[in-house]
Amino acid sequence: MIEAQQLTKRYGEKTAVDHLDFVVKPGTVTGFLGPNGAGKSTTMRMIVGLDAPTAGTVTVNGRHYAEHSAPLQEVGALLEAKSIHPGRSAFDHLMAQAHTHGIPRRRVEEVVELTGLQSVAKKRAGAFSLGMGQRLGIAAALLGDPATLMLDEPVNGLDPEGVLWIRNLLTQLASEGRTVFVSSHLMSEMALVADHLIIVGRGRLLADTTVQELIRRAGGDSVTVASDQAARLREVLSGPGVEITGAVGTEELQVTGLSARAIGLKAAEHGIPLFELSSRTVSLEQAFMDLTSDAVEYHGTTTVETSRSVA
Ligand SMILES: Nc1ncnc2c1ncn2[C@@H]1O[C@H](COP(=O)(O)OP(=O)(O)OP(=O)(O)O)[C@@H](O)[C@H]1O
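Residues numbered from 1 in each chain as written. Predicted model: local features only at pLDDT ≥ 70, side-chain atom pairs only at ≥ 80, totals over all residues. Heavy atoms only, no water.

## Considerations on the overall build of the protein chain
Along the protein chain, the regular secondary structure elements total ten helices and 13 strands. Taking 19 Å as the expected radius of gyration for a compact globule of 311 residues, we find that the protein chain reaches 25 Å, considerably beyond that expectation. Overall, the C-alpha framework of the protein chain stretches about 75 × 55 × 40 Å when taken along its three principal axes. Here the protein chain, with 311 residues, has 43% of them falling under the buried criterion. Side-chain charges of the protein chain comprise 28 positive and 35 negative groups, with the mean position of each set lying 6 Å from the other. (Helix = DSSP H or I, 4+ residues; strand = E, 2+ residues; numbered from the N terminus. Rg over C-alpha atoms; globule rule 2.2 N^0.38 Å. Buried < 20%, exposed > 50% of the residue type's maximum accessible area, 1.4 Å probe, protein only. Lys, Arg positive; Asp, Glu negative; His and termini not counted. Charge placed at Lys NZ, Arg CZ, Asp CG, Glu CD.)

## Thoughts on the site of the ligand
The full set close to the ligand counts 15 residues, and Gly37, Gly39, Lys40, Ser41 and Thr42 are the nearest of them. Between an oxygen atom of the ligand and a side-chain N or O atom of Lys14, the distance comes to 3.2 Å. Ala38 is positioned such that a nitrogen or oxygen atom in its backbone is 3.0 Å from an oxygen atom of the ligand. Surface burial for the ligand is 66%, taken as the share of its 640 Å² of free accessible area covered by protein chains. Counting only elements with at least two residues in the shell around the ligand, the list comes to strand E2 (14-24) and helix H1 (40-47). For the shell around the ligand, the residue count by class is four nonpolar, five polar and six charged. (Near = heavy atom within 4 Å. Polar contact = N/O pair within 3.5 Å; in protein donor to acceptor, adjacent residues only side chain to side chain. Areas by Shrake-Rupley, 256 points an atom, 1.4 Å probe, with all protein chains shown as cover. Nonpolar A, V, L, I, M, F, W, Y, C, P; charged D, E, K, R; others polar.)

## Quick notes on the sheet that holds strand E5 (residues 75-78)
If you trace the six strands from one edge of the open sheet to the other, you get E5-E6-E7-E3-E8-E9, paired in mixed fashion. Each end of this open sheet is capped by a strand with a single partner; those strands are E5 and strand E9 (204-210). Geometrically, the sheet is characterised by an average inter-axis angle of 15° between neighbouring strands, direction not taken into account. When strand E3 (residues 29-33) meets strand E8 (residues 196-201), the two strands line up parallel, connected through four bridges. Residue pairing for E8: Thr30 is matched across the bridge by His196. (Pairing = 2+ DSSP bridges. Axes fitted to C-alpha atoms, helices over the stretch in contact; angles between N-to-C directions.)

## Some words on helix H3 (residues 105-114)
Every buried residue of H3 is listed here: Arg107, Val108, Val111 and Val112. The arc enclosing the buried residues of H3, seen along the axis, measures out at 140°, which places them on a common side. Among the structural elements, helix H2 (90-100) and helix H4 (130-142) are those in contact with the buried residues of H3. In the stretch just after H3, Gly116 is the one whose phi turns positive, near 65°. (Arc of directions from axis to C-beta. Contact = heavy atoms within 4.5 Å.)

## Quick look at the pairing of strand E7 (residues 179-184)
Looking down a regular strand, the side chains alternate between one sheet face and the other. Across the six residues of E7, six count as buried, placing the element largely inside the fold. By the alternation rule, side chains of E7 split into Thr179, Phe181 and Ser183 and Val180, Val182 and Ser184, which are all buried. Bridge count for E3 against E7 is five bridges, and the pairing is parallel. Bridge assignment links Phe32 to a residue of E7, and that residue is Ser183. Here strand E6 (residues 148-152) runs beside E7; their pairing, made up of five bridges, is parallel. Its bridge partner being in E7, Thr148 is matched across the sheet by Thr179.

## Side note on the domain arrangement of the protein chain
Segmentation of the protein chain into domains returns domain 1 (2-216) and domain 2 (221-280). Of note, the centres of domain 1 and domain 2, computed from C-alpha atoms alone, are 45 Å apart. (Domains from an automatic or database assignment.)

## With respect to the environment of Gly246
Here Gly246 shows up in the loop between strand E11 (243-245) and strand E12 (252-256). A residue is classified by how much of its surface remains accessible, and Gly246, at 30% relative accessible area, is partly exposed. Gly246 sits twelve residues away from Arg234 along the chain, and the two C-alpha atoms are 9.5 Å apart.

## Details of the packing of H2 against H3
Where H2 contacts H3, the two axes come as close as 10 Å, and the packing angle between them is 135°. Compared by their axis directions, H2 and H3 come out oblique. By crossing handedness, the relation of H2 to H3 is classed as right-handed. Of the residues in H3, those in contact with Phe91, Leu94, Met95 and Ala98 of H2 are Arg105, Val108, Glu109, Val111 and Val112. Here the residues of the contact of H2 with H3 are counted per class, giving seven nonpolar, no polar and two charged. (Parallel < 35°, antiparallel > 145°, perpendicular 65-115°, else oblique. Left-handed = near helix turned anticlockwise from the far one by under 90°.)

Printed below as a string of structure tokens:
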């Protein structure tokens, strides 16, 4: 469990993290989403005591990171900045960390296996590919068998196999009852792995919600249906969990809570002719961009503005 209260970090004039309140619960994967520069890495660094908050607090499993007597056994972190001795083998790197924390060799062997590093464990970590480096970072995070796992952009630069592996691992770790907190600037990636989302922009909390709720708030999955008997169709389709909108007197209705197939079958059952029946799925990426559009630090331009002369 991670709890942030009014967590704030300023670097001179710049407010990187701005009064953040959130709770990351065990047993699910929580995505920490935000555009570049939103304050995700800074927040994560404060969680593990690598940066001190300017104001507010953040605790892991009920205590500040520094107050834990065995922090590695409380929270394992994969942060962007790696500190791996390039000349050391992956196994020796893990053993060195294990030694300083009283973790037995058996656990090192376990995490090597868990992260699929067996065949390269004796090779120099400096020669590792990005994917192997990420696996090694995750192995180190798992060393203390912590109840809380925190990963900063773990899929960045990975090939599809690596991405799939991380997705499955995160889901597995959450199903074991661990708190899994993972940052990304890609909504599409988070939608596949996270149940819960904490979305930030310019250091501020923009949403603390589930993927389902975000879809619903963005307009949900709706079906457009048109008929010359729209009023009757509305009656026939009404029911618990079904929402129907459409201007009175028009032929078109927007229906949420029923699939296009269910609507088609009901209409046929009541002999109501349909002129249109189409599903619209909300793009989560679009919902995320709408939510964060004011919070993006550097906007790219995709269209060239032409100056217009006023006559
Ligand atoms: N040590 C620092 N000194 C000054 N400014 C900093 C420092 N660290 C971060 N910042 C600024 O704070 C803001 C938040 O940065 P942070 O790296 O936490 O964002 P992020 O959401 O992790 O972004 P990204 O997805 O690009 O990694 C940015 O504007 C960044 O430039």
